[in-house]
Every structure is written in structure tokens, then in C-alpha cells.
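Examination of the molecular architecture
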Amino acid sequence: MMRIVILISGRGSNLRALLDAAEAERWPAQVVAVVSDRPDAAGLAVARGRGVATQVVDRQRFASREAFDAALAAAVDALAPDLVVLAGFMRILDAGFVQRHAGRMMNIHPSLLPAFAGLHVHRRVLEAGCKLSGATVHFVTPDLDHGPIVIQAAVPVHADDTEATLAARVLEREHVIYPRAVRWFVEGTLHVERGIVTQLRGEPQWLL
Ligand code: GRF
């Protein structure tokens, strides 16, 4: 059984989608823990409700970024994960940690990367007048919101969209593509070469 650790900071809707899929599709993997950097993250209750162990590494309790990074890395490494899944984890991870988990850590970002990396994605998409947006699951590299792309989903941008309506449309697709990407990983059907990810069974790495 592969060991998955999921890192969250908030709501936990992607976490819920992942736990649902893991159970329904009987993945050969176990979510061994959910780790949050915030004690008030709603996703912690989602995990507990499913009987998944939780840990909090509270950023507020550390005097420096370095001390927090070290504690987070120690907590995650002690869980011996085969895969680290960032599901709405809102902190930039330290480069040493990222490198140690290279090829074994995924993130989801609510845009069609490499466009709109960073924060306030939906506002920036609307301001740019984009007609399509979407979500991307990618392997994590030290370069924020970049890294080999596993799967992308596209959604239309409507003329009357607000940040909230666009975010909701994208989020619904996130809940489809993130479990798919993680399932591929635990099944061993992803191949990465020179930054390009291939799904070895030819399943589509896009969703329209
Ligand atoms: C999602 O939009 C995800 O793309 C971004 O943070 C949000 C997390 O939402 N990285 P949730 O906590 O999974 O509900």
C-alpha cells in the first residue's frame, strides 16, 4: 500500500474529493495523515470524520520561517510518505523539502498553468478578459506553481462571472482531476521525462 500524506490550510474540498475517490475506487494506497499549518482549517474535521489521522504544525507557534519549515518537514518525513499531496496548502515549501520529495509531491492550482501562477488567480483571469480558465495538477518543483503538468481541465469564463462564480466552476473540475492524477500516481501509470508527464495507458490528461 502506498502511503499518502495530504497537506491543507483551509476548507478541504479537494481533500474530501480525494478521500471519496480513494475509497470508491479502492486505490492501492492509504491516506496516512492530513497535516495542516492552521489549527482552524475546516479540512481537519473532514479528515477526522473519515478516521484519518491529523496533525497541525501551526505557523503561528514558530518564531521563524526556518523553524516552521524544519518542523513541517520533520512531521511529514516521519510519516514516510510515498506521495505528498498539496490540497489548498497555502505556504511556500522550503526548497530542500521540495527536492527531497521531487517526483513524489503534487499540487493543484486553479488556473491553466503556466498562466496565472500565484495568488488571486480568478480576479486576474477576469481582469485579463480570458475566455477560458481551468485548473492544473502538477508535480511540485522549487519554482512556485510550475513543474511537470499531470492533467488540466478547462472551463469557460462567462461575461457575467465574478471571482466567486468562476472559482466555483473551476473548483468543481478540480474535484475531478485531482483524484484522477493521484490515482494514476498510485497505480504507477505516470512517466516523467524532461519535464513532460505521460499517462502510460493513454488516458486523457485533459478535461474539457
Ligand atoms: C483550490 O482552489 C486549489 O486549487 C487551491 O486552493 C483551493 C483549495 O480549496 N490551491 P480546498 O481547501 O481544497 O477546498
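Here, every reference points to the structure presented above.
Residues numbered from 1 in each chain as written. Predicted model: local features only at pLDDT ≥ 70, side-chain atom pairs only at ≥ 80, totals over all residues. Heavy atoms only, no water.

**Comments concerning the environment of Val 84**
Going by this rule: Segments assigned H or I by DSSP are reported as helices when at least four residues long, segments assigned E as strands when at least two residues long, and all are numbered from the N terminus. For the exposure calls, accessible area comes from a 1.4 Å probe over protein chains only, and a residue counts as buried if that area is under 20% of its type's maximum, exposed if over 50%, partly exposed in between. Here, two residues are considered to be in contact whenever any of their heavy atoms come within 4.5 Å of each other.
On the secondary structure map, Val 84 appears in strand β4 (residues 83-86). Classification of Val 84 as buried rests on a relative accessible area of 0%. Along the backbone, Val 84 and Ala 167 are 83 residues apart, and their C-alpha atoms lie at a distance of 24 Å. For Val 84, the contacting residues outside a window of four places in its chain are Val 5, Leu 7, Val 76, His 101, Arg 104, Met 105 and Met 106.

**Some thoughts on the side chain of His 101**
Counted only if it meets this: In the analysis that follows, any N or O atom pair within 3.5 Å is treated as a polar contact, provided that within protein one partner can donate a hydrogen and the other can accept it, and provided that, for residues neighboring in sequence, both atoms belong to side chains.
On the secondary structure map, His 101 appears in the loop between α4 (95-100) and β5 (105-109). A polar contact is formed between the side chain of His 101 and the side chain of Asp 77, at a distance of 2.9 Å. If we ignore the near neighbours within four places in the chain, the residues touching His 101 are Val 76, Asp 77, Pro 81 and Val 84.

**Remarks on the nonpolar core**
Here is the rule: Put simply, a nonpolar core is a bunch of buried Ala, Val, Leu, Ile, Met, Phe, Trp, Tyr and Cys residues held in one set by side-chain atoms that sit within 4.5 Å of each other. Segment limits for the domains were obtained from an automatic or database-derived domain assignment.
Ile 4, Ile 6, Met 106, Val 150 and Val 182 are the most contacted members of the largest nonpolar core, which totals 44 residues. With nine residues, the top contributor of residues to this core is helix α6 (residues 163-187). The residues that make up this core include at least three from each of domain 1 (1-101) and domain 2 (107-208). If near-sequence neighbours (up to four positions away) are discounted, Val 150 is found in contact with Met 106, Val 137, His 138, Phe 139, Ala 181, Trp 184, Leu 190, Val 197 and Gln 205.

**A few points about the side chain of Ser 36**
Along the polypeptide, Ser 36 turns up in strand β2 (residues 29-36). We classify Ser 36 as buried; its relative accessible area is 0%. Within the local environment of Ser 36, its side chain forms a polar contact with the backbone oxygen of Arg 38, the two atoms lying 2.6 Å apart. Here Ser 36 is in contact with Ile 8, Ser 9, Ala 41, Leu 44, Gln 55, Val 56 and Val 57, once residues within four sequence places are set aside.

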